[in-house]
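# Observations on the model geometry
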Amino acid sequence: MELKQYQRDVLREVGRFARTYAMTRDAATAYGVFMNAVGLTPGQGGVERYRDDLGGAPKVCVKVPTGGGKTFIGASAVHVLTEALPSAANVVVWLVPRREILSQTLRNFRNPEHFLRTTLDRDFGGRVEVLDKEDGLRGRSFTASTVGEQLTLFVLSYDSFKNKDGRRAYAENSALAGLTAYQRDAGTAVDVEGADDTALITALAGTNPIVVVDESHHARSRLSLDMLRNLNPRFVLELTATPARGANVIAQATARQLKREEMVKLPVVVYRRPDKRTTIADAVALQRRLEAIAEQDEGRTGRYIRPIVLFQAERRGADDAETYAKLKQKLVESGIPPEQIAVRTGDVDEIGDADLMVRDCPIRFIITVEALAEGWDCPFAYVLATVANKSSQVSVEQIVGRVLRQPHAARAGARSLNIAYVLTASADFDATLTQVVDGLNGVGFSREDVETAGTAPAPAPRQGRTGLPASGVAATPDDVGGDDLDFDGLDLSVERGGPGTEAASVDDIIDSSSDIEERFEGDTGSDGVETPYGGLGGGSNVYRMREAVAESARGLVIPQFMVRVNGGIFTDDETWKPLDRENLLAGFKLSRYGIDGVSINPATFSEAREVDLAEDSDEYRIRWLENEVRRDMATLFSNMSDEGKSESLKAAVLDAMPGQFRNTYGTSQLAQYIGRVVDDMDAPVVEACYESVGSVARAVMGAVRGLADDFCEDRFRTLVGDGGVRIAPEYRLPESFVQASPMTSYDKGLYEAEDGRVDGVERRMVDLLANSPRVVWWHRVVERKPGEFSINGFVNHYPDFLALRDDGVLMAIETKGEHLAVDAERKLRLGTRWSDMAGAGFRYFMVFEREALDEANAFTLAEFGSELLG
């Protein structure tokens, strides 16, 4: 098998880093040099610094989505690394997380016809020995002479040196005495804590091996790191689709690259079926249709494909029969030959060592719970059917990645064989869809790789007096939402088809699959240059503009308000700069305003609270008072004079205000204003307020902000009228953003990830923008985030979204989940003024979930979707 272009790109970066390390002999220095060469600086712009958790040994990570050939990249990297970092002992330790992956990896590396083995044989002239733990304990082909004459590849599990059985690797071992004695004489021996000097772990450490860690996100525990240190590696290469924080990522591949290189079946199309039995029946019918298509396709391409269905059942409990047992029995009773069905759960393995890819393997249906997790490899898996009751929640996250690999790593001739299918009868289709997206995220893909089609919500059965559905078929517990897993009514013995039959829905799936795959194929395109550098820096949270839409965003210069300022005392020239609200506050005097806007009602104070500044910001935090503190405070307060109580309350309220608020409005002004508020209270109110200082501070701050907002709006209106404020192109969208909570589960985001802290009406707006054919891209604006856009008027208004419409209009969109009159009206006035002054290419909208303000540019979510995006 030949390396794909993205695989060669990733290998190039692995070699570049290894050679850089070979010159510097310091991993952190090499990492900095490596990053600087591609225009990135560790510790800046969201790129993390190198994390050294192995005491100096270099450890870097390659990020490749599931189905992208991580193992092939790792096998090819062995030669790259041994050339860059030569050693007298050519030993590689290949670590995998679980038994299933261990047996599969061993089988593939030992098979002389498998591409992994042929890769090693080509690179090392056929001098390759693949060993497991038992081989090492027996000393088979692991001697002083063999480690210098061949590539010795140990395939081991993470637990090989960790669990009780793993202790054998630390014990005295006469079979390895000759090798370890040679290492001591050569000066390469290593003392491993807790290990005998002839132990397997000691012998391995003495070879200073290259270590490849497959699915490395599982190897983050202290025990795993201790194991890696004990191996005394000269280089550690991690392979994963989802790097953990601090993983020192040096290269990555993308899902779209995998699709273009014909490695994966995308998109994943999710269909809702009306009930559990229909899900099963349609999955069986879909398998038959796909297999018939595959037979025809083989005649054109010569490639054999036997589509397989994964039925994901649910475990009901220790006292009941397992769902998978019931399902298998019903499938057999309905006419499917038993040899075509295999159960694979944590307790039952009917697949065993069967090679699912060969022509004489009969298996077409695999029933599992959640045992087919990452590393289980069968490209013939096409359909995932969840067969839990509609009221049950069976997680598909851990299994959806199993249907992604493309058979033969080549695109099929029939488009319906180039996508994956998920069938579900879940009552909460959105929840299931979210699980599919989360599952894809967990193996390196995103919401863009998911399509929903053919959704068929279950019609509510019409009940007669007997409680039976109108069709006359007795209602099963599944029909009425019960928990009994009864498969009565399931009949697969007759090939279904023709108008009016259930199979018509399967025909619809097949018919629509060609259009879906063709559209997705067009979306992947070949335009734009993707590099292996995105997301570098240990799972870095820096996300760049998507190349597919970046040109339209880079060409935008968004208008902002500019204020005229004098050139200074040495010139009469005037200059213009972006308006800041602080410019408008000049001349704002609290002494000119009354205290009528401060609303304090001690009856609403539920409990006393302690108010103090947070350790990491100027924001105050409110905490419950301990009883002892409350008693001491009451005693102290009771001994004060009325005047003393008032002065104490004034000081406490001022102290409770954040430092930024005091800096903005002036401590002296605030102290005087608070003084007037407290002086207006009678003694009982003062005492009540002292136990709820935070509530008083918030009431005063709210009143002050309201007065300042009114002042700034009046001042803004005046300056616009006399030409002191104008609007001009000023803001450009940055090339990248740091996202603390990245969201990739929705289509058409401007950046590779958008901020994921959305809920309620914001999430519904995201869904609307992501699925509207009129939207080119959208961006979630985060308030006060450095580099974000704001409408910088009498308030600094950060609209929730920016979105580019297909007619070239940039929309600034503010969402409101409820009717917040003052806040909404003020922002709407500013947004409307901005839109009017910015010109025809810019629009402002305030979108309410249900009831909108009766003002221009205010819409409900439904109105916005139909009128502005329809």
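Residues numbered from 1 in each chain as written. Predicted model: local features only at pLDDT ≥ 70, side-chain atom pairs only at ≥ 80, totals over all residues. Heavy atoms only, no water.

A tally of helices and strands in the protein chain yields 26 helices and 30 strands. Looking at the protein chain residue by residue over its 870 residues, the buried ones come to 54%. In the protein chain, the proportion of contacts linking residues at least 24 apart, taken out of those at least 6 apart, comes to 74%. Summing over all exposed atoms, the protein chain offers an accessible surface of approximately 37600 Å²; the carbon and sulfur share of this is 46%. (Helix = DSSP H or I, 4+ residues; strand = E, 2+ residues; numbered from the N terminus. Buried < 20%, exposed > 50% of the residue type's maximum accessible area, 1.4 Å probe, protein only. Contact = heavy atoms within 4.5 Å. Areas by Shrake-Rupley, 256 points an atom, 1.4 Å probe, with all protein chains shown as cover.)

Strand order in this open sheet of five strands is β24-β27-β28-β29-β30, and the pairing throughout is mixed. What marks the edges here is a single partner per strand, and that holds for β24 (775-780) and β30 (858-860). Direction aside, neighbouring strands of the sheet carry axes that sit 30° apart on average. In terms of strand pairing, strand β29 (residues 842-848) meets β30 through three bridges, oriented parallel. Bridging across to β30, Val847 finds its partner in Phe859. (Pairing = 2+ DSSP bridges. Axes fitted to C-alpha atoms, helices over the stretch in contact; angles between N-to-C directions.)

What the rule picks out here adds up to 46 salt bridges. Here Glu647 and Lys650 are joined by a salt bridge, their closest N and O atoms 2.9 Å apart. Note that Glu647 and Lys650 are positioned in helix α19 (residues 642-656) at a spacing of three residues, about one turn of the helix. Taking relative accessible area as the criterion, Lys650 reaches 14% and is therefore assigned buried. The salt bridge involving Asp679 is made with Lys650; its shortest N-O contact spans 2.9 Å. (Salt bridge = Lys/Arg side-chain N within 4 Å of Asp/Glu carboxyl O.)

A complete count under the given rule lists 21 aromatic pairs for this structure. Aromatic side chains Phe588 and Phe711 sit 5.5 Å apart centroid to centroid with 55° between the ring planes, which places their arrangement in the tilted category. Here Phe711 lies in helix α23 (residues 693-722) and Phe588 lies in the loop between α17 (581-585) and β18 (609-613), a separation of 123 residues in the sequence. On the numbers, 6.1 Å between centres and 70° between planes, the contact of Trp834 with Phe842 is edge-to-face. Each residue in the set Phe588, Tyr593, Phe661, Tyr665 and Phe711 is aromatic and connected to the rest through ring pairs, giving one cluster. Looking at Lys265, its charged tip hangs above the ring of Tyr382, at a distance of 4.3 Å from the centre. (Phe/Tyr/Trp six-rings, centres within 6.5 Å; stacked < 30°, edge-to-face > 60°. Lys NZ or Arg CZ within 6 Å of the ring centre and 35° of its normal.)

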